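Coordinate analysis (summary)
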Amino acid sequence: MTTMLEVAKRAGVSKATVSRVLSGNGYVSQETKDRVFQAIEESGYRPNLLARNLAAKSTQTLGLVVTNTLYYGVYFSELLFHTARMAEDKGRQLLLADGKHSAQEEREAIQYLLDLRCDAIMIYPRFLSVDEIDDIIDTHPQPIMVLNRRLRKNSSHSVWCDHKQTSFNAVAELIAKGHREIAFITGSMDSPTGVERLSGYKDALVHHGIPLNSERIVNGKWTPASGAEGVGTLLSRGVNFTALVASNDDMAIGAMKQLHERKIAVPEQVSVIGFDDIAMAPYTIPALSSVKIPVTEMIQETIGRLIFMLDSGAYTPAKNFTGTLIFRDSVVPPSPR
């Protein structure tokens, strides 16, 4: 393997000069730079990335921590696509670290990106608590922004969607169409998003004077299969429902398939809505009504604020988003009995 010293000898300069050329620190004439880069190309030398990061003031990288339990499904694909595209637009390389299955592993993934000297880091947490994230931000100098979680102490470091209010609004729109017997399939209950969407559903019923019936609530796991299983559980309980809210579109699609197999017509007998407004939603039969979460806008806000922090040294005020229910063919007023 070619070393920096061998590059220096080939270029006729000192090792320190090669280091200055690679790091961009200190003055080196253009003629000398050209000789060094030619020597690098001829020798096949590849500089040690970590060493360069330690020497440079900027690595031109943005880090993203996401637990791998979120990799399944369309939502993560959209999240990663927009993050990578916007990082590229800002001239930055995106580095992804896996938060795996626990708060400790999320913490280790963050530390990994910090050790690589990423200019700034985005965290899409699942296991770390708000207090733990606040502590991480307080103890590290690199700019850190948190997606989809509202922080108490460092609110200017977070961009989040108010999933509770968004769910409340979606259920309220079903109620406005005349539905009062509304079932709900939760997301995984170790997910803050899942907990908030269930809470919004409950609050909407209470606000509109509709008794809460726990038999109309079943637990899902974000997958189409769990949506189908949820419908089976509801039907086995014998509870009536004219509308069904699933905590994401994957479960809503699974639920619609199960309703079809049970000879229950959507939307004539049961209206169905999901969350996330995935690209497939308009193409299901019937077309799925879904709550659109402004993922693109949230990521744009996050990266924009990180770049602003890198340029100015200051954070802009916190900002939150809400989703919007997109009505399609899967929702109609309930049939009269």
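None of the values given here were measured: they were computed from a predicted structure. (Residues numbered from 1 in each chain as written. Predicted model: local features only at pLDDT ≥ 70, side-chain atom pairs only at ≥ 80, totals over all residues. Heavy atoms only, no water.)

Here we look at the packing of aromatic side chains
Spelled out, the test is: Stacked, tilted and edge-to-face are the three classes applied to pairs of Phe, Tyr and Trp rings, where Trp contributes its six-membered ring and a pair requires centres within 6.5 Å; stacked means planes under 30 degrees apart, edge-to-face means over 60, and tilted covers the rest. By the criteria applied, helices consist of DSSP H or I runs no shorter than four residues and strands consist of E runs no shorter than two, each listed in order from the N terminus. When accessible area is computed with a 1.4 Å probe and restricted to protein chains, residues below 20% of their type maximum are described as buried, those above 50% as exposed, and intermediate ones as partly exposed. Remark: a charge is flagged as sitting over a ring if the NZ atom of Lys or the CZ atom of Arg is within 6 Å of the ring centre and within 35 degrees of the ring normal.
Taken as a whole, this structure holds 1 aromatic pair when the rule is applied. Ring centres of Phe-184 and Tyr-201 lie 4.7 Å apart, and the angle between their planes is 25 degrees; on these two criteria the pair is classed as stacked. Taken together, the residues Phe-184 in strand β6 (residues 182–185) and Tyr-201 in helix α9 (residues 192–207) connect sequence positions 17 residues apart. For Phe-184, a relative accessible area of 0% corresponds to the buried category. Directly above the ring of Phe-327 sits Lys-177, whose terminal nitrogen or CZ lies 4.7 Å from the centroid.

A short note on the environment of Glu-215
Selection rule: Any pair of residues with heavy atoms lying within 4.5 Å of one another is described as a contacting pair.
With respect to the secondary-structure elements, Glu-215 resides in the loop between α9 and β7 (217–218). As for Glu-215 and Val-239, which are separated by 24 residues in sequence, their C-alpha atoms are 6.9 Å apart. Not counting the four nearest positions on each side in its chain, Glu-215 is found in contact with Leu-234, Arg-237 and Val-239.

A few points about the domain arrangement of the protein
Interfaces are often described in size by the accessible area the parts lose on coming together. Filter applied, for reference: Residue ranges labeled as domains rest on an automatic or database domain assignment. Here the quantity called buried area is the accessible surface, traced with a 1.4 Å probe, that two parts lose on coming together, added over both. Basic side-chain nitrogens of Lys or Arg form a salt bridge, by our definition, when they fall within 4 Å of a carboxyl oxygen of Asp or Glu. Any pair of N or O atoms that falls within 3.5 Å is considered a polar contact. Within protein, one atom must be able to donate a hydrogen and the other to accept it, and sequence-neighbouring residues count only if both atoms are side-chain atoms.
What the domain assignment reports for the protein is domain 1 (4–56), domain 2 (61–160) and domain 3 (163–293). Relative to domain 3, the C-alpha centre of domain 2 lies at a distance of 29 Å. Together domain 2 and domain 3 conceal approximately 830 Å² of surface at their shared face, both sides included; 50% is due to carbon and sulfur atoms. We note a salt bridge from Arg-126 to Asp-190, for which the minimum N-O separation is 2.5 Å. Taken together, domain 2 and domain 3 are joined by 3 residue pairs in polar contact (both at pLDDT 80 or more).

Digging into the sheet that holds strand β4 (residues 144–147)
Note the threshold: DSSP calls a pair of strands paired once it identifies at least 2 bridges connecting them. To get an axis, fit a line to the C-alpha atoms, keeping to the stretch in contact for a helix; angles then go from 0 to 180 degrees between the N-to-C directions.
In space, the 6 strands of this open sheet follow the order β2-β1-β3-β4-β5-β11, with parallel pairing throughout. Of all the strands in the sheet, just β2 (93–98) and β11 (319–321) have a single pairing partner and so form its edges. Each adjacent strand pair in this sheet contributes to an overall mean axis angle of 20 degrees, direction not counted. Here strand β5 (residues 158–161) pairs with β11 via 3 bridges, running parallel. The residue bridging Trp-160 from the neighbouring strand is Asn-320, located in β11. Across the sheet, helix α12 (residues 295–312) lies against β1 (61–66), β3 (120–124), β4, β5 and β11, angled at about 170 degrees from β5, the strand it touches most.

Quick notes on the packing of helix α1 (residues 4–11) against helix α3 (residues 30–43)
Inclusion rule: Angle categories are assigned with fixed cut-offs, so that under 35 degrees is roughly parallel, over 145 is roughly antiparallel, 65 to 115 is roughly perpendicular, and the rest are oblique. Left-handed describes a crossing whose near helix is turned anticlockwise from the far helix through less than a right angle; right-handed describes the clockwise counterpart. Classification used: nonpolar for Ala, Val, Leu, Ile, Met, Phe, Trp, Tyr, Cys and Pro, charged for Asp, Glu, Lys and Arg, polar for all others including Gly.
Contact geometry of α1 with α3 gives a least axis separation of 9 Å together with a crossing angle of 120 degrees. The angle between α1 and α3 falls in the class oblique. Crossing hand, α1 versus α3: right-handed. Packed against α1, whose contacting residues are Val-7, Arg-10 and Ala-11, the element α3 presents Arg-35, Val-36, Ala-39, Ile-40, Glu-42 and Ser-43 at the interface. Residues belonging to the contact of α1 with α3 are distributed by class as follows: 5 nonpolar, 1 polar and 3 charged.

A short note on unusual backbone geometry
Here Val-266 and Pro-267 are connected by a cis peptide whose omega angle stands at 10 degrees. As for its placement among the helices and strands, Pro-267 is situated in the loop between α11 (249–261) and β9 (271–275). With an omega of -5 degrees, the peptide bond between Ile-285 and Pro-286 qualifies as cis. Positionally, Pro-286 belongs in the loop between β9 and β10 (289–292).

Here's the deal with α3
The test is simple: The span expected for a helix works out to 1.5 Å for each residue beyond the first. Within this analysis, the arc is defined by the directions that extend from the helix axis to the C-beta atoms.
End to end, α3 covers 20 Å across 14 residues, agreeing with the expected 20 Å (1.5 Å per residue, within 8%). Along α3, the positions that sit buried rather than exposed are Thr-32, Val-36, Ala-39, Ile-40 and Ser-43. Seen from one end, α3 has its buried residues packed into an arc of 100 degrees, which puts them on one side. Every exposed residue of α3 that faces more than 90 degrees away from the buried side is listed here: Gln-30, Glu-31 and Glu-41.

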